[in-house]
Each structure stands twice: as structure tokens, then as C-alpha cells.
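Residues per chain are reported as follows:
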Amino acid sequence: MTDRPHSDKLYDRATRVIPGGVNSPVRAFGAVGGRPPFIDRGLGAELIDSDGHRYIDFCCSWGPLILGHAHPKVLKTIQATAARGCSFGATTALEVELAEFVTGKVGPLEKVRFVSSGTEAVMSAVRLARGFTGRDKIIKFNGCYHGHSDYLLVKAGSGLATFGEPSSGGVPASFAAETLVADLDDQEGVEKYFEKYGDDIACVIIEPIPANNGLLLQRPEFLHFLREITAKHGALLIFDEVISGFRVGWGGAAKLYGITPDLMTFGKVIGGGMPVGGFGGRAEIMDKLAPMGTVYQAGTLSGNPVAMAAGLATLKVLEKEDGYNRLEELGAYFENALKENLGEVQGTIVRQGSIIWLIYQKEMPRRADQIEGAAIDLYNRHHRAILDQGIYLPPSGYEVMFVSLAHTTDMLDRAAGIIGKTAQSL
Ligand SMILES: *Cc1c(COP(=O)(O)O)cnc(C)c1O
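These figures come from a predicted structure and were not determined experimentally.

The rules behind the values
Residues numbered from 1 in each chain as written. Predicted model: local features only at pLDDT ≥ 70, side-chain atom pairs only at ≥ 80, totals over all residues. Heavy atoms only, no water. Domains from an automatic or database assignment. Contact = heavy atoms within 4.5 Å. Buried area = accessible area lost by both parts, 1.4 Å probe. Salt bridge = Lys/Arg side-chain N within 4 Å of Asp/Glu carboxyl O. Near = heavy atom within 4 Å. Polar contact = N/O pair within 3.5 Å; in protein donor to acceptor, adjacent residues only side chain to side chain. Areas by Shrake-Rupley, 256 points an atom, 1.4 Å probe, with all protein chains shown as cover. Nonpolar A, V, L, I, M, F, W, Y, C, P; charged D, E, K, R; others polar. Pairing = 2+ DSSP bridges. Helix = DSSP H or I, 4+ residues; strand = E, 2+ residues; numbered from the N terminus. Buried < 20%, exposed > 50% of the residue type's maximum accessible area, 1.4 Å probe, protein only.

### Looking at the domain arrangement of the protein chain
Inference 1: Taken as a whole, the protein chain is organised into domain 1 (5–70 + 322–425) and domain 2 (72–319).
Inference 2: One C-alpha centre belongs to domain 1, the other to domain 2; they are set 25 Å apart.
Inference 3: Taken residue by residue, the interface counts 28 residues in domain 1 and 35 residues in domain 2.
Inference 4: Where domain 1 abuts domain 2, roughly 2700 Å² becomes buried across the two surfaces, and 64% of that area is made up of carbon and sulfur atoms.
Inference 5: The three residues of domain 1 that bury the most area against domain 2 are Y324, Q352 and R366, which together make up 27% of that side's buried surface.
Inference 6: Counting across the interface, domain 1 meets domain 2 through one salt bridge.

### Digging into the site of the ligand
Inference 1: Around the ligand sit S117, G118, T119, Y145, H146, G147, E207, N212, D240, V242, I243 and K268, and that is every residue in its neighbourhood.
Inference 2: A distance of 2.6 Å separates an oxygen atom of the ligand from a polar side-chain atom of T119.
Inference 3: Within the side chain of D240, one N or O atom sits 2.7 Å away from a nitrogen atom of the ligand.
Inference 4: In isolation the ligand offers 380 Å² of accessible surface; the protein chains occlude 83% of this area.
Inference 5: Classifying every residue of the shell around the ligand by side-chain character gives three nonpolar, six polar and three charged.

### Re the sheet that holds strand β16 (residues 401–402)
Inference 1: Across the sheet, which stays open at both edges, the three strands sit in the order β13-β14-β16 with antiparallel pairing between neighbours. Every interior strand has two partners, whereas the edge strands, β13 (348–352) and β16, have only one.
Inference 2: Of the pairings in the sheet, the one linking β13 to strand β14 (residues 355–359) comprises five bridges and is antiparallel in character. Each residue of the ladder has a partner; that of R351, found in β14, is I356.

### Quick word on unusual backbone geometry
Inference 1: Geometrically, the link from A290 to P291 is a cis peptide bond, its omega value of 10° lying close to zero.
Inference 2: Tracing the backbone through its elements, the reader meets P291 in the loop between α9 (283–286) and α10 (305–320).
Inference 3: We note that W62 has phi near 70°; this positive angle belongs to a residue other than glycine.
Inference 4: Tracing the backbone shows W62 in the loop between β3 (54–57) and α2 (72–82).
Inference 5: Residue classification places W62 among the partly exposed residues on the basis of a relative accessible area of 22%.
Inference 6: Positive phi, close to 45°, is recorded for K268, a residue that is not glycine.
Inference 7: Within the fold, K268 resides in the loop between β11 (263–266) and β12 (277–281).
Inference 8: For K268, a relative accessible area of 25% translates into the label partly exposed.

Here it is as C-alpha cells:
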């Protein structure tokens, strides 16, 4: 086992002053066991911990770092922007530039508003959907994560067509009751909700490429069905593209599947590693926001210039370097390398571009309940051995891997070799 005395010491200090020692729960490595390495710096596709160990990083800060760590162009832009002041609480040219760039690239977006996290983007989009439709209920899917706002920390109640139950302490049952939870890939379940509550459903929200509970790729017909049924009942369709937006291509999942949602949410890649979220859609809907309309939404640091500059610089590098084609190539290369190296080990590799999920079961799941516990256990049990060989995988079998433009085919071969050998040894 690799020793990490500096990380261990930092972790001890952290647990004394920060709950669980972390500012976001999965960072504690609870699912995979062992203490988490503390990160000192990142360089391209690599992380270096406080003890000087190097890792090829497949977590990439949970998705944002599509160019890899500390990309020179992004860094230079951040430094130059920060030198002019970090925040003004007044509008800057950078916000306009990023908004123009984003609406220019994503068809369904006529207007966009920037916030500071994905959670905030989704929370605001749901409020806007309610304000626009004058309705209260929302439908979400089991196995989709939409950030940690109250109405979205809800799991399915018992039995179909019942109200949701809070999946976190501190969420009132009366809030959760406004959230109807359906299963992915379950057309009938959604139809039943609309039959029963059709006139009170403000929106259906889905990760069109669900990537927070494994990678549960949906049948295109199911997503098209959601577009049709929401339109029929006067409800809005929200695509939560906080992961998929600017990850799977210009236009995200909406473009990929040829669907025009009413609202879309963004985060992660759009901030280039800085805290940024965004939500947008048709002007008719977006203009219901304050100061134009009655739906309140605000933020002291929203549209922060340094964050806008980092996002814009990232997207421009992607554009200049034909990033999405290269990411598709790298993703396909890694998928094949993993398949070869896993040999006889039973596993499925689910991939959408540079989002990759390795699950040790035969069937590719489309719903949360089709993921086998034993498959997750195997991933979690081999995590530490792989980490100790210099490969930083997401610390839970339910999390997906990301490949960045900084990953080389040599790195992908090395990682696939280590993952394959470790899986075979278990
Ligand atoms: C990460 C994520 C969020 C929440 O974003 P934060 O920036 O962590 O608040 C919301 N929706 C999806 C689909 C996500 O992947």
C-alpha cells in the first residue's frame, strides 16, 4: 500500500474543522474506503498529491476540466482577468461575450442567465418553469441528479403514481410531495402521472444523458416521448445538461437527439474549472425572470468576470482544436483498450463521447434499478489498488470517468492495462 503521510495529516486536520473533512461528500472516499489523497496540483491529465505521487486523472474535477488541468490558455486568461479585479457586482463585457457564444452554439437557447453552480442553475430553472406555467408539481427521474436543492433531493415514494419522499434530512415532506419521481425508460409511469396530475405539472426535468448514477443512456424514443407529452399538457421540458452540455458536443444532448427542450441547464465545462452555472431557453420564458418578469433570481457573484473568462477561454480552445472530434477518438480508444484488457472479466463499458462508465455486469442498464450491487462492489473494492498504481478513478462505482484533451493514447493504454489486471486479480 502506498503511504501518504502528508495527505493523512491534512485529513486529520480537515476532519476537526470541516464535517467529514470535505466540502462535498464523495470526496471523503466513503464508498471505496481508505483515506483520500490531498491534491497539491494538476498538470494536463495528471494530478499530483501532497506527497508527490502522480496520477492519471479520470475524474477531471467531476467533468469541468475538458482540456485537462491548468491549460496554459485558460490560465493566462484567468490571470489577466483577475489582474483587473475579481468582481464588480456590475455587468461586464465578458458576460455578454459568453452569453453570445453559448446562445450561438446551442440552438434552443435564445437567452441565458449565468449563476455560480449547477445546483443554482437547476433550482432557478425549476422556479422559472413554475412561474411561467403557474403550476407546482414537477416530474424527475430515479437515478438522475440535479444538484442539492430541496425539491430535487427526492426519491420515489412507495408504489407508482405516489408522491416523492425526501432523500435527505432537512427536506420537508410537503416540499417532496410536489416532486413526482418516475423511472427512466418508463413511458407508462410518466403517462400515469400526466393522466392524474396533468394540469398541475410545471415541468419534466431529466438528465438527457444520465451520468450521475452510472451512465444510463436512454433510448432516443423515450426522450422524444417526453418532448411530446410535455408539449401536449402545457408543461415545460427541462434538459439538465450540467454534465452533457459542452461535453458531448456543441449543442449537448439536445442536438445529439434532435430535441428542443424548453429550458436547459449548464455547469461544469461551461466554467472551465471556475464556479459557473447557467440556464436558458426561449426568450418568451426567460423574460419572466426579474427584472423583466415576476420570477426572482439573483446572485452577488453571478457572471463573475474571472469565471466567465475561464469558461470562454475553454470553449474557444475546444472550438479551435476541433475538440469534440478528438474527444470522441480518445473516448473510443479508451473504450477499446479497456475491453481488450478486461479479457474474461465480465464487464460492460458504456460510453458517450468522452464520458465513460465501467460496470462489472453483463447487461447495460437503462434504469437505476438495473444496476447490480455486486458490480458496484467489485469496482469499489479495486479502487484503492488502482489508485496506488497511479490511476485516479472516481471514488464510487456509480460515478463516470471523463477523458480530457490532455489525455494521450499512451496514458489511456497504461490506465486500461492497470484496470484490467486489477479486475482480473479480484
Ligand atoms: C453536477 C451536477 C449538478 C450540480 O452542479 P453543482 O455545480 O455541483 O452544483 C446538477 N445537475 C447535474 C446533471 C450535474 O451533473
